[in-house]
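Analysis of the macromolecular model
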Amino acid sequence: MSIFDSGGQRLPRTVLGPPTHEGVDPLLASGYRLSTYEIVGLIGSGGMGDVYEARDLKLDRRVAIKVLRADLASDRRRLNQFEQEARAASSLDHPNIVTIHDICRSKGHHFIVMQYVPGNTLEDLMSGGSLTLKKALDYAIQIAGALSQAHCRGIVHRDLKPGNIMVTRDGQVKILDFGLAKLLEAGVGSDVATRGCEPTHETRGQIMGTAAYMSPEQIEGGDVDHRSDVFSFGSVLYEMVAQRPAFSGNSAITILTKIREGQVPDIGGVVPNVPYELERVIGRALRMEPERRFQSLADACVEL
């Protein structure tokens, strides 16, 4: 079973205890109660906190709980902003978007209660090298459809990447962490990394996001809208088809430079006999100028 924030497991920490403000929060032990939820076990750790499998004692169901990092939850302005985003994201009703059930506070912990999704991240599936073109297209259509509906509701993901996309055992895609990318701000958490880095928030003049999947306008710290997700979608689609990232390098700076300069490797030269129509879809999604990309991922769905 895979984790939600699939990048960078933290070092072992003290089990159980109050939140700290030193950047290292304690792990919650199995059986620990948060409101009406009982912790079953740790699923994984990421930039915004730890994700646990839990049991909803009131409704007798499995859920996933993301406990926010104490240093993030202690900033009332950012927490209010996050709660606004989470409320908006919770209104999304789409089979390919993980449902947010609740936002809670208990014993000093701020946490989000989400739909529990058994399966693997798209990142894990790609690392296994068994992703066929047929599956890649199937997943891409599901991802584009989900993002399209979110965009129609005025919600931009901002940190679409393989680690934020779950695939269930029957092949259904579930996109995670809508709205969570707005919680972090520049200078908080960790620096932009090459893979699996912490989701972050973009504002004018700030560079936020996950390096290999950031749009050029994210890198520039400019205004970001749904077309930024289109670029990230193109990066994910490229990687699913080519079995390698569209933008790679030895450092985040190298990757960001390639994106800014439009150094997208020709997928036709990487994947023999790639369908021309698919090559065209990927190329259009990865155009540097937002106005030259797909203006709606619904259009990309039709093309795919």
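Report follows, based on the coordinates. All values reported here derive from a predicted model rather than from experimental measurement.

Rules and cut-offs
- The residue numbers shown here count from 1 along each chain, following its written sequence.
- Per-residue local features are limited, in this predicted model, to residues with pLDDT of at least 70; the limit for side-chain atom pairs, both in listing and counting, is 80 or more; totals at the level of whole chains, interfaces and linings are taken over all residues.
- Excluded from the side-chain calculation are hydrogens and water; included are all heavy atoms of the structure.
- We call a residue buried when its accessible area falls under 20% of the maximum for its residue type, exposed when it is over 50%, and partly exposed in between, using a 1.4 Å probe and counting protein chains only.
- Per the convention used, a helix needs a DSSP run of H or I reaching at least four residues, while a strand needs a run of E reaching at least two, with both numbered from the N terminus.
- If DSSP finds at least two bridges between two strands, the strands pair.
- Working definition: rings of Phe, Tyr and Trp (its six-membered ring) pair if their centres are within 6.5 Å, and the pair is stacked with planes under 30 degrees apart, edge-to-face with planes over 60 apart, and tilted otherwise.
- Two conditions define a charge sitting above a ring: the NZ of Lys or the CZ of Arg must be within 6 Å of the ring centre, and it must be within 35 degrees of the ring normal.
- Residue types Ala, Val, Leu, Ile, Met, Phe, Trp, Tyr and Cys, when buried and joined through side-chain atoms within 4.5 Å, form a set referred to as a nonpolar core.
- Contacts are residue-level and defined by heavy atoms, with any inter-residue pair within 4.5 Å sufficient.

As for the pairing of strand E6 (residues 109-115)
Extensive coverage of E6 is indicated by the burial of six of its seven residues. Where strand E5 (residues 100-106) meets E6, six bridges bridge the pair, whose relative direction is antiparallel. Looking across to E6, one finds that Ile 100 is bridged to Met 114. Taken together, E5 and the strand that follows it, E6, pair antiparallel across an intervening segment of two residues, in which Lys 107 is found at a positive phi of about 55°.

Let's talk about the packing of aromatic side chains
Tallied over the entire structure, the rule returns two aromatic pairs. With a centroid separation of 6.2 Å and an interplanar angle of 85°, the aromatic rings of Tyr 37 and Phe 111 are classed as edge-to-face. Here the residue Tyr 37 occupies a position in strand E2 (residues 37-46), and Phe 111 occupies one in strand E6, the gap between them amounting to 74 residues. In terms of burial, Tyr 37 and Phe 111 fall into one category: buried. Here Phe 231 and Phe 247 contribute two aromatic rings whose centre-to-centre distance is 5.9 Å and whose plane-to-plane angle is 15°, an arrangement assigned as stacked. On the criterion of sequence distance, the pair formed by Phe 231 in helix H6 (residues 226-242) and Phe 247 in the loop between H6 and helix H7 (252-260) is long-range, its members being 16 residues apart. You can call Phe 247 buried: its relative accessible area is 1%. Here Lys 107 stacks its cationic end above the ring of Tyr 32, 4.5 Å away from the centre of that ring.

Let's talk about the nonpolar core
Core analysis: the biggest nonpolar cluster contains 68 residues, and Leu 122, Ile 143, Phe 178, Phe 233, Leu 237, Met 240 and Val 241 have the highest contact counts within it. Sorting elements by how many residues they give to this core places H6 first, with nine residues. When residues no more than four places from it in sequence are discounted, the contact partners of Ile 143 are Leu 122, Leu 160, Ile 165, Val 173, Ile 175, Phe 233 and Met 240. Membership of the second largest hydrophobic core comes to 14 residues, among which are Leu 34, Tyr 37, Tyr 52 and Val 113.

Side note on the sheet that holds E2
Taking strand neighbours across the sheet as the criterion, the six strands line up as E1-E2-E3-E4-E6-E5 in an open arrangement whose pairing is antiparallel. Strands with a single pairing partner mark the edges of an open sheet, and in this sheet they are strand E1 (33-34) and E5. Alignment of strand E4 (residues 61-68) against E6, held across five bridges, turns out to be antiparallel. Among the inter-strand pairings, Lys 66 is bridged to a residue of E6, identified as Ile 112.

A few points about the side chain of Ser 232
Along the chain, Ser 232 falls in helix H6. Looking at Ser 232, the relative accessible area reads 2%, which means it is buried.

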